[in-house]
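So the chains spell out like this:
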Amino acid sequence: MKVPATKTQEEMYKEAKSSYFDLPALDVSIAFPQATPASVFPPCTSDYYQLDDLLTPEEKAIKVKVRECMEKDIAPIMTEYWEKAEFPFEVIPKLGALHISGGTIKGYGCPGLSITGSAVALAEITRVDASCGTFILVHSSLAMLTIGLCGSEMQKQKYLPSLAELSTVACWGLTEPDYGSDASALRTIARKVEGGWILEGQKRWIGNSTFADVLVIFARNTATNQINGFIVKKDAPGLQATKIENKTGLRMVQNGDIFLKKVFVPDEDRLPGVNSFKDTNKVLAVSRVMVTWMPIGIAMGVYDMCHRYLKERTQFGAPLAAFQINQQKLVQMLSNIQAMLLVGWRLCKLYESGKMTPGQASLGKSWNTLRARETVSLGRELLGGNGILSDFLVAKAFCDLEPIYTFEGTYDINTLVTGREITGLPSFKPATLRPNSRL
């Protein structure tokens, strides 16, 4: 019996294809000429209550400068890089020229901004692209701020000037595969040896890690069992960072797995101001304020996109903006943004006056991300089929918001921080069951 030869997969693939199968995709402006894609970013129309009046002239100037850069230099290329899950390294000098890296740090080449000015700048970056916003957040509000608040004078002089210019890039390594929300239980260890320390362990989800020149790493001191901080340089022997693939959000951000295999860190690169996990709180207090402004930026960009789209796109002989249900959704989005802005602004003022509590910071982050989720979901509905195309921003923003909803404390963990503060009762761990409990 003769068995017929089976066709190869390549032969079947060739037979299935049409003559036009391999033609390049149409440019979206040609395929869908009725609405403008996000590469030409829409004007800002979301400050309905004129909350800009609450900003100082310096803060307004920062906002305008950052907005112009993002709309001109980042908007035209962000979709391409987001789809490829690659970081646009050519934008780093442009972000550096804004002189916002280092945020509130004074001296050492840093801008010494008010926390409001720094937060507004981050919101403006995130309004156009949340991946660029996350890049700056990690570099400036986590890594640089840790050196600024917890570093020695020598460390500040050595590292901060080039980081402020963005001629070097930093990352911040706290989270581990087994310890996310329970970060204080981290397992990476630091063992004292002559002239320095040996670091061993693993970190995960560390933004900027695959290309960072400076890595701020937290490890448990084997002698004291307390958390210490260290500055690790790129390409140190025993250091490895690999990119986490297959993310559906913040795709341009190069999150990585960091492996530390007997990495030697000299004594001069141990951060003297980090002697317990509590010492990280002074950094996280600022960064949580900053993260509160990222969902504001995302919601503003989505609203601006929808506002323009509804006036450009027509169906049934009228612009989509003329339909009642669309107006209702647009107003709900706008309402959320006004409330989110006020929460973010008030949180900055509480911090500046020294009155902000951890519970207030956590409430700001959790509540603003929740409202942003609703806002972006409404925007997804308003754009119909184009709401799933990254070309029109909303689908991209929808995906980018999810990791922001989770990082810097998940929504649930942040509500528990606030809950503990208002009740005096911690509820992070399940209650211990009595032996005779019927449960």
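Refer to the preceding data block for the structure.
Quick caveat: nothing in here was measured; it's all calculated off a predicted structure.

Basis of the calculations
Residues numbered from 1 in each chain as written. Predicted model: local features only at pLDDT ≥ 70, side-chain atom pairs only at ≥ 80, totals over all residues. Heavy atoms only, no water. Helix = DSSP H or I, 4+ residues; strand = E, 2+ residues; numbered from the N terminus. Rg over C-alpha atoms; globule rule 2.2 N^0.38 Å. Buried < 20%, exposed > 50% of the residue type's maximum accessible area, 1.4 Å probe, protein only. Contact = heavy atoms within 4.5 Å. Areas by Shrake-Rupley, 256 points an atom, 1.4 Å probe, with all protein chains shown as cover. Lys, Arg positive; Asp, Glu negative; His and termini not counted. Charge placed at Lys NZ, Arg CZ, Asp CG, Glu CD. Pairing = 2+ DSSP bridges. Polar contact = N/O pair within 3.5 Å; in protein donor to acceptor, adjacent residues only side chain to side chain. Expected span 1.5 Å × (residues − 1). Bend = angle between axes of the 7 residues up to and from the residue. Salt bridge = Lys/Arg side-chain N within 4 Å of Asp/Glu carboxyl O. Core = buried A, V, L, I, M, F, W, Y, C linked by side-chain atoms within 4.5 Å.

Asker: Describe the overall build of the protein, and please don't skip the residues or the numbers.
Answerer: Counting its regular elements, the protein contains 12 helices and 12 strands. Relative to the compact-globule value of 22 Å for 439 residues, the protein shows a C-alpha radius of gyration of 24 Å, a close match. Principal-axis analysis of the C-alpha atoms gives the protein an extent of 80 × 75 × 60 Å. Per-residue burial over the protein gives 50% buried out of 439 residues. Taking as baseline every contact in the protein between residues at least 6 positions apart, the subset at least 24 positions apart corresponds to 76%. Counting only carbon and sulfur atoms, one obtains 56% of the accessible surface of the protein, whose full area is about 20,800 Å². Taking the average location of the 48 positive side-chain charges in the protein and that of its 45 negative ones, the two points are 6 Å from each other.

Asker: Can you lay out the pairing of strand E4 (residues 189–193) for me, pointing to particular residues and giving the numbers?
Answerer: For E4 and strand E5 (residues 196–206), the ladder comprises five bridges, and the chain directions are antiparallel. Paired with Arg191 across the two strands is Ile198, which belongs to E5. Following E4, the chain reverses through two residues before pairing antiparallel with E5; Gly195 in that reversal takes a positive phi of roughly 85 degrees. Summarising the sheet, E4 and strand E6 (residues 214–221) pair through two bridges and their orientation is parallel. Pairing of Ala190 across the sheet is with Asn221, part of E6.

Asker: Mind laying out the side chain of Asp400, listing which residues take part and the relevant values?
Answerer: Inspection of the secondary structure puts Asp400 in helix H11 (residues 394–406). For Asp400, a relative accessible area of 1% corresponds to the buried category. At 2.9 Å, the side chain of Asp400 and the side chain of Trp82 are in polar contact. Discounting residues that sit within four places of it in the chain, Asp400 has contacts with Trp82, Ala130, Gly249, Leu250, Arg251 and Ile298.

Asker: I'd like a rundown of helix H7 (residues 153–165), residues and numbers included.
Answerer: Compared with an ideal rise of 1.5 Å per residue, which puts 13 residues at 18 Å, H7 spans 19 Å between its outermost C-alpha atoms and is within 8% of the ideal. Within H7, the axis deviates most sharply at Tyr159, by approximately 35 degrees, and proline Pro161 lies no more than four positions further along. For H7, the full list of buried residues reads Gln155, Lys156, Tyr159, Leu160, Leu163 and Ala164. Next to the buried residues of H7 lie strand E2 (110–111), helix H6 (130–150), strand E3 (170–173), E6, strand E7 (227–233) and strand E10 (270–271). At the C-terminal side of H7, Leu166 shows a positive phi close to 65 degrees.

Asker: I'd love a proper account of unusual backbone geometry, names of residues and values included.
Answerer: Here Gln50, not a glycine, exhibits a phi torsion of approximately 55 degrees, which is positive. By the secondary structure assignment, Gln50 is in the loop between helix H2 (28–31) and helix H3 (57–84). Even without glycine at this site, Ala85 takes up a positive phi of about 60 degrees. When you line up the elements, Ala85 lands in the loop between H3 and helix H4 (92–97).

Asker: Can you lay out the environment of Met78 for me, pointing to particular residues and giving the numbers?
Answerer: Assignment of secondary structure puts Met78 in helix H3. Spatially, the C-alpha atom of Met78 lies 9.2 Å from that of Cys132, the residues being 54 residues apart in sequence.

Asker: Would you mind going over the pairing of E5 in detail, with residue names and values included?
Answerer: The two faces of the sheet receive side chains in turn, since in a regular strand these alternate between them. Looking at chain direction, E5 and strand E9 (residues 256–266) are connected through eight bridges and run antiparallel. The residue of E9 that forms the bridge with Gly196 is Pro266.

Asker: Which residues make up the pattern of salt bridges, and what values go with them?
Answerer: Per the counting criterion, the structure on display carries 21 salt bridges. Here Asp129 ties to Lys396 by a salt bridge, and the two come within 2.6 Å at their closest N and O atoms. In this pair, Asp129 sits in the loop between helix H5 (115–128) and H6 while Lys396 sits in helix H11, placing the two residues 267 residues apart along the sequence. This pair shows no difference in class: Asp129 is buried, exactly as Lys396 is. The partner of Asp213 in a salt bridge is Lys234, and the shortest N-O contact between them spans 3.1 Å.

Asker: Requested: an account of the nonpolar core, with residues and values cited.
Answerer: Within the largest apolar cluster, 126 residues are counted, with the highest numbers of intra-cluster contacts made by Phe135, Leu199 and Val232. At 18 residues, helix H8 (residues 281–312) tops the list of elements feeding residues into this core. Those residues within four positions of Phe135 in sequence are excluded, and the remaining contacts are Phe87, Ile92, Leu95, Leu166, Val169, Asn208 and Phe211.

By themselves these figures say nothing about function.
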